[in-house]
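Read off the chains here:
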Amino acid sequence: MTLTKGESGAEGTDDKEDMSGGADDGYVPSERRLERERYKRARARRAAAVGALSTLVTAVVLYTVVVNAPGWPRTKETFFSAQYAREAFPKVLDGLWLNVRLLAICGVAVLVLGMLIAIARTLRGPVFFPLRVLAAAYTDFFRGLPLIINLMIVVLGVPALRLQGVTVDPVLLGGTALTLTYSAYVAEVFRAGIESIHPSQRAAARSLGLTNRQALRYVVLPQAVRRQVPPLLNDLVSLQKDTGLVSIGGAVDAVRAADIIVGRSLNYTPYIVAGLVFVALTIPMTRFTDWVTARMDRQRAQGGSL
């Protein structure tokens, strides 16, 4: 009997499904594969044991060298005093709440201002030339100006002007200085993302009837922001640490709280406590940044292999 093409294809498919189904149901790994799996597990256990032993030996050696150093007793008393650590810890935590609020507010302001500056630098047409020049001058100036000088000018210099209606609150002035500086860095990150989008994306959007503004909003910017998430997170990590610099104006944040105790006791343990608190706050953000970067790299690798 002669089968049509569709019938023969269906029959062949059924035969393959029966064979594959039978093979899956009755699958028994070979002895060689079982041996290979046992070898991999044994090698992993051996590597973990060697790593743990080497870490323990290194820790013991470092502890022995540090503790037996000639200046260790004085160093321990000056930088690692349990008494002053207990005194400083709650006050540093209270001050840290100011740093967290500054990070949240300045982070949003930096992203918005940085995006606007990046868009201004990428506008096309001769009519936007002055805007492009001003945006470029802004980024060049604030990227080159040291943050500490910017803070001193804004936090200490602006109140000296005694302008009516201008705040003298060191927290607001410090947040303004941080926003001005970090917006320049974030603007360059956004601009790099915008310019990394192939021109064909914008051309395809225009061919579908979108205006330049709509193409930028709905096609270019979403892709640009998604590509630049890791460097943006790195900038936010740096901003989180630099919020401690607002203490130069007298704002009582974590750093200033530690500085008050140090000035009274002449013991530097509170600085260590404040530093460790910042490190503990930064590490989760850093690990999250690494995870996002690795995830995006895997997605790009999978997309490139298709």
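Residues numbered from 1 in each chain as written. Predicted model: local features only at pLDDT ≥ 70, side-chain atom pairs only at ≥ 80, totals over all residues. Heavy atoms only, no water.

A. Focus on unusual backbone geometry. Here R162, not a glycine, exhibits a phi torsion of approximately 55°, which is positive. For R162, the position within the fold is in the loop between α6 (147-161) and α7 (170-196). Looking at R162, the relative accessible area reads 78%, which means it is exposed. The backbone of L266 sits at a positive phi, close to 60°, despite the residue not being glycine. Relative to the elements of secondary structure, L266 occurs in the loop between α11 (254-265) and α12 (269-305). For L266, a relative accessible area of 65% puts it in the exposed group. (Helix = DSSP H or I, 4+ residues; strand = E, 2+ residues; numbered from the N terminus. Buried < 20%, exposed > 50% of the residue type's maximum accessible area, 1.4 Å probe, protein only.)

B. Spotlight on the environment of Y271. In this structure, Y271 sits in helix α12. Accessibility expressed as a relative area gives 32% for Y271, which makes it partly exposed. Measuring from C-alpha to C-alpha, the distance between Y271 and L178 comes to 22 Å, with 93 residues separating the pair along the chain.

C. Spatial organisation of the pattern of salt bridges. In total, this model carries 10 salt bridges according to the counting rule given. Two residues, R74 and E77, come together in a salt bridge whose shortest N-O distance is 3.6 Å. Here R74 pairs with E77, and both are found in helix α3 (residues 72-79), just three residues apart, close to one helical turn. Given a relative accessible area of 46%, E77 falls into the partly exposed group. Notably, a salt bridge pairs E188 with R191, separated by 2.9 Å at the nearest N-O pair. Highlighted residues: E188 and R191, both in helix α7, separated by three residues, approximately one helical turn. Each member of the salt-bridge network shares a partner with another, and the members are R121, R143, E188, R191 and E195. (Salt bridge = Lys/Arg side-chain N within 4 Å of Asp/Glu carboxyl O.)

D. Seen up close, a nonpolar patch on the surface. On the surface, L53, L56, V57, V60, V61 and V65 cluster together into a nonpolar patch covering about 550 Å² of accessible area. One can find L53 in helix α2 (residues 31-67). Accessibility expressed as a relative area gives 54% for L53, which makes it exposed. (Patch = residues over 30% accessible without salt bridge, like charges linked within 9 Å, V, L, I, M, F, W, Y side chains within 5 Å. Areas by Shrake-Rupley, 256 points an atom, 1.4 Å probe, with all protein chains shown as cover.)

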